[in-house]
Amino acid sequence: MDEPLLREVRIELFGPFREFGKEHLLALEGPVPYPEVVRVLACELGPGFAERAARKNTTVIVNNRIANRRSLEALQIKPGDKVAFALLLGGG
Amino acid sequence: MEAKKIIVCDTEKCAGCELCEYVCSVFHEKTINWSKSRIRHVRIEPTFDIAIACRKCEEPVCIKACPRDAITISADGSMRIDKDRCNGCGWCIESCNFGALKLDWEKKVVFACDFCEGLDQPKCVEFCPYEALEFTTLDAVGHEAGKKAFKRVIEELE
Amino acid sequence: MKGYTGKFLRVDMATGEVKSEALSEEVARQFLGGYGFVAHTLYNEVPEGTDPLAPENVLCLWTGPVAGTTVPVSSKYIMGARSPATGFIGFGIASGGIGSELKAAGWDGLVITGKADSLQYLYIQNGHAELRDAAYLKGKTTWDTEELIREELSDDEIRVSSIGPAGELLTCLANITNDRNRQVGRSGMGCVMGSKNLKAIAVRGTGAIEVANLDELIELCRDLYQRCRGPATEKYRVLGTPANVLVHNRLGCLPTNNFQRGTFDRAEECSGERMLATMVKKVVACPSCPIACDHINVVKEGPWAGAVSSVDYESLELLGPNCGVSDLGAITKAVELCDTLGIDTISAGVTVSWAMEAYEKGYLTKEDTDGLDLRFGNDEAMVEAVRRMCLREGKLGELLADGAARAAERLGKGSEFAMVNKKLEWGAYSLRSLQTATLGFATSVRGACYLRSGSYQPDVKGTVDRYTLDRSRGKYVFDGENLYAIIDSMIICKFTRGIYKSNDEFARVINLVTGFDMTAEEMIRTGERIHNMAKLFNVKFGAHRADDYPPPRAFDEKMYDDVSDGAIIDRALYDEALSGYYEERRWSEDGIPTKALLEELGLDATLGVK
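A few points on the structure. (Residues numbered from 1 in each chain as written. Chains lettered and ligands numbered in written order. Predicted model: local features only at pLDDT ≥ 70, side-chain atom pairs only at ≥ 80, totals over all residues. Heavy atoms only, no water.)

1. Quick look at the sheet that holds strand β4 (residues 58-62) of chain A
Residues and elements named next belong to chain A. Reading across from one edge, β2-β1-β7-β4-β5 is the order of the five strands in this open sheet, with mixed pairing throughout. A strand with exactly one partner marks an edge of an open sheet, and here the two such strands are β2 (23-27) and β5 (65-66). One ladder, built from two bridges, connects β4 with β5; its direction is antiparallel. Each bridged residue has a counterpart across the sheet, and for V62 the counterpart in β5 is R65. Where helix α1 (residues 34-45) meets the sheet, it contacts β1 (8-13), β2, β4 and β7 (82-87), and its direction lies at approximately 115 degrees from that of β2. (Pairing = 2+ DSSP bridges. Helix = DSSP H or I, 4+ residues; strand = E, 2+ residues; numbered from the N terminus. Contact = heavy atoms within 4.5 Å. Axes fitted to C-alpha atoms, helices over the stretch in contact; angles between N-to-C directions.)

2. Some thoughts on a negative patch on the surface
Residues and elements named next belong to chain C. Taken together, D144, E147, E151 and D156 make up a surface patch of like negative charges. Topologically, D144 is positioned in helix α4 (residues 142-152). Given a relative accessible area of 35%, D144 falls into the partly exposed group. (Patch = residues over 30% accessible without salt bridge, like charges linked within 9 Å, V, L, I, M, F, W, Y side chains within 5 Å. Areas by Shrake-Rupley, 256 points an atom, 1.4 Å probe, with all protein chains shown as cover. Salt bridge = Lys/Arg side-chain N within 4 Å of Asp/Glu carboxyl O. Lys, Arg positive; Asp, Glu negative; His and termini not counted. Charge placed at Lys NZ, Arg CZ, Asp CG, Glu CD. Buried < 20%, exposed > 50% of the residue type's maximum accessible area, 1.4 Å probe, protein only.)

3. Structural notes on the packing of helix α13 (residues 345-360) of chain C against helix α14 (residues 379-391) of chain C
Residue and element names in this part refer to chain C. Direction vectors running N to C along α13 and α14 enclose 115 degrees, while the axes themselves pass 10 Å from each other. For the crossing formed where α13 meets α14, the hand is right-handed. On α14, the residues that touch A348, T351, V352 and M356 of α13 are M382, A385, V386 and M389. Looking at the contact of α13 with α14, its residues break down into seven nonpolar, one polar and no charged. (Left-handed = near helix turned anticlockwise from the far one by under 90°. Nonpolar A, V, L, I, M, F, W, Y, C, P; charged D, E, K, R; others polar.)

4. Observations regarding the interface of chain A and chain C
When the parts of a complex come together, some accessible area is lost, and that lost area is often used as the size of the interface. Across the contact, 26 residues belong to chain A and 29 residues belong to chain C. Carbon and sulfur atoms supply 54% of the area that chain A and chain C bury against each other, a total of about 2400 Å² over both sides. Inspection of the chain A/chain C interface yields six salt bridges. A salt bridge links K22 of chain A to E268 of chain C, with the nearest nitrogen and oxygen atoms 3.8 Å apart. At the boundary of chain A with chain C, the tally comes to eight residue pairs in polar contact (both at pLDDT 80 or more). Elements that contribute at least two residues to the side of chain A that touches chain C include exactly β5 and β7 of chain A. (Buried area = accessible area lost by both parts, 1.4 Å probe. Polar contact = N/O pair within 3.5 Å; in protein donor to acceptor, adjacent residues only side chain to side chain.)

5. Some details on the packing of aromatic side chains
Counted according to the given criterion, the structure contains 32 aromatic pairs over all chains. A ring pair is formed by Y4 of chain C and F516 of chain C, whose centres lie 6.1 Å apart and whose planes are at 35 degrees; its orientation type is tilted. On the criterion of sequence distance, the pair formed by Y4 of chain C in the segment before β1 (7-12) and F516 of chain C in the loop between α20 (503-514) and α21 (520-540) is long-range, its members being 512 residues apart. In this structure, Y4 of chain C and F516 of chain C share a single accessibility class: buried. Members of the aromatic cluster, joined through ring pairs, are Y313, W426, Y429, F441, Y450 and Y456 of chain C. Its end group placed over the ring of F98 of chain B, R55 of chain B keeps NZ or CZ at 5.8 Å from the ring centre. Geometry around W107 of chain C places K7 of chain C over its ring, the cationic atom sitting 5.8 Å from the centre. (Phe/Tyr/Trp six-rings, centres within 6.5 Å; stacked < 30°, edge-to-face > 60°. Lys NZ or Arg CZ within 6 Å of the ring centre and 35° of its normal.)

6. Considerations on the interface of chain C and chain B
Across the contact, 34 residues belong to chain C and 30 residues belong to chain B. Taken over both partners, the interface formed by chain C and chain B buries close to 2600 Å², and the fraction arising from carbon and sulfur atoms is 59%. At the boundary of chain C with chain B, the tally comes to five salt bridges. Across the contact surface, chain C and chain B share 18 residue pairs in polar contact (both at pLDDT 80 or more). When residues of the side of chain C that touches chain B are traced back to their parent elements, those giving at least two are α3 (98-105), α7 (214-227) and β13 (280-284) of chain C. Of the residues belonging to the side of chain C that touches chain B, the class tally is 18 nonpolar, seven polar and nine charged.

7. As for the nonpolar core
Counting 218 residues, the largest nonpolar core has I7 and L133 of chain B together with W354 and M382 of chain C as the members making the most contacts within it. Take this core: its biggest share by element is nine residues, from α13 of chain C. Counting residues in each nonpolar core, the second largest holds 29 residues, with I98, I112, L122 and L198 of chain C among its members. (Core = buried A, V, L, I, M, F, W, Y, C linked by side-chain atoms within 4.5 Å.)

8. With respect to the side chain of S25 of chain B
Within the fold, S25 of chain B resides in helix α1 (residues 19-29). What S25 of chain B contacts, discounting residues up to four positions off in sequence, is K30, T31, I32, N33 and W34 of chain B.

9. A word on unusual backbone geometry
In most cases, non-glycine residues show a negative phi, while peptide bonds are predominantly trans. Note that the residue after E45 of chain B, namely P46 of chain B, is joined by a cis bond; omega there is 5 degrees. Here P46 of chain B shows up in the loop between β2 (40-44) and β3 (48-52). Here the bond from P72 of chain C into V73 of chain C is cis, since omega is -20 degrees, no more than 30 degrees from zero. Along the chain, the position of V73 of chain C falls in the loop between β3 (59-62) and β4 (77-82). Here the phi dihedral of K30 of chain B falls at roughly 60 degrees; this positive angle occurs in a residue that is not glycine. Relative to the helices and strands, K30 of chain B resides in the loop between α1 and β2. The phi torsion at S187 of chain C lies on the positive side, around 75 degrees, for a residue other than glycine. Looking at the element boundaries, S187 of chain C is found in the loop between β11 (182-184) and α6 (189-195). Residue S187 of chain C is classed as buried on the basis of its relative accessible area, which comes to 2%.

Set out below in structure tokens:
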């Protein structure tokens, strides 16, 4: 896949989130709060996506950083960012 | 006559956890002892699992086999073992195609599943975490299988 | 007391004598069971300076009080001894049927000493145990051994723990397998078993398991089983732990090419998602488990067609991306070889990846590898190297059989990239991009292990900056270790930890089973005691601060990588974090428990420091 254009956010989906596809691109004019990104994705992918994203066992990765669940509400997503959704890790 | 119900195990859902055996012993023996469970888990490596209990056969071989007429068939189709007649010879165990009978070496008599008589459903069915067990009639099993098969055909056609 | 049978077996392999001994209630209350009992037994019974392969080394098997009960997942057991790999406390915890079966047979554990003249196996039934001739089992795989013993004794329900040929050949990587897919994997317990000429332990028990409050317990369990089907365990049930592959890759912490990199260009091909879609035949459960995490791969086509094994994240990752290999068929085959011939998959993967780096650097030639082109990504060579390691076959097999650290020693070079701590191979967590994890791994009493503390958690939850360390990180390791010591002593499966709402609930389970009246605080204190007991064993065998460091690669090389480029562990920061951990633990700067702490915990303070 080509590098996302500067005015897009690349969404990557892993594990059970693959029910909604593998990757998506969201057009973005400027920074938006994380909850808004989830809302827009839910419009495209269905309400099941929002429900799953809200679960305690979901991990959200923004660029290289694992987002702390407590700071998700306030997190700003900018054009050019990469956001990944997965199950919380652990175990061998 | 009301169709008799047996415990049916979905082998795709059964993961071989054996909790049915634990739970059966808890409710029948008031202790944890899976060797005294009425339902038995069988695994054929590497991935086949089934839990099996008495099938309420229409023509029970165990009844024919018993030399002391200790086994009778009750109204719901389950096997009743007369503890006074049974001497633990185990001939019925050998005759059963499903290994549904067991010997209680402490009480020295044979036992089989009584489907948790008096309760809404057997405890193993209630507790199975995988919902692999169902307390149902053979007719319903057949009907479900047919429905499932045709659902798949329809999905493929769409 | 309930839960426990109150008895254990002492086995003298030399004389064949097997006798029953009483379990002390005081010891049970102080050390709970499982891991606690292993630490207690080994500290008290392994004489100072005992060589791990000497007859005097004690090989013990312990269950916890919940074994054989309806508690999920309670059919666990632990085996421990002085480790031939590390020289420190060695042990491994496995599930499957052995733990509950031994309880049903009437014993809480086994303490085995001595060495038999010829290969034997131990057969345990209700109230009776004996050593039996195992000559016909010599060289047999662990799977065949289980079948053959069941045939010999005409009983399909016997549970068997056995070593493969690797254990008989006394390789430091040798493990113990039971119920086909479960292993006492790490620290070479199979090697100790082989050194005693003990091929297998076979158990058949039909007794009842007594608990203190069965009615309340079964109702709690009903609820616990439901929780085991919910979000807390989702990651284990569907994709299983291989779900970690793509996420770790995304985070730049997927060890690749002997931990040089944190991302792998072919991660999709060997991902959990791909494995589920193409290779998993079924997901099965251990006895008493409502989760079912055991993903059984069956390879249907290609050069590895016919291979069958249970594949989880560590095995997949270290034999896969860590060796540059992406072929799931090859990985499944390599795991099958490890499980049947009897070595630990983690140590196998990291030893082969060491050899691959050594080969690519020219330290090993084709002559050293008996002709194998041991480059990263050569899946055939990886599988073949694994097979030879299990059997000490050829120059290569002999070089690699005892792990990466010893291979480097034998070669005379390459120790700077032997990814070990305490000479035990590192797990599938990238050192420089998960630094709290690294602190936990390196300070682990067993060596290179996260199972003692789950110290990767703050890293992967985003609670801390995973690319650096500070003095406060020790608290995460400390808290994790104390709770995990309890989990490993009850023994319940760590995959159920998420279903418990609080420490009070763990304590409630203990109390319903045993009739004890433990508070959550007392329980954590017991965990602290158990951990210090294990640490004391290590101190007895010469452990110091220097043993609690990650391998040189962590400090000396920056990661070059798509995601974690430039990541490195700052040595001064690591020292701070390590000191912070010791401080939290109330140990000295050298990592030795203080006398004051030991006395408080009711432990022998002889080896403590001021």
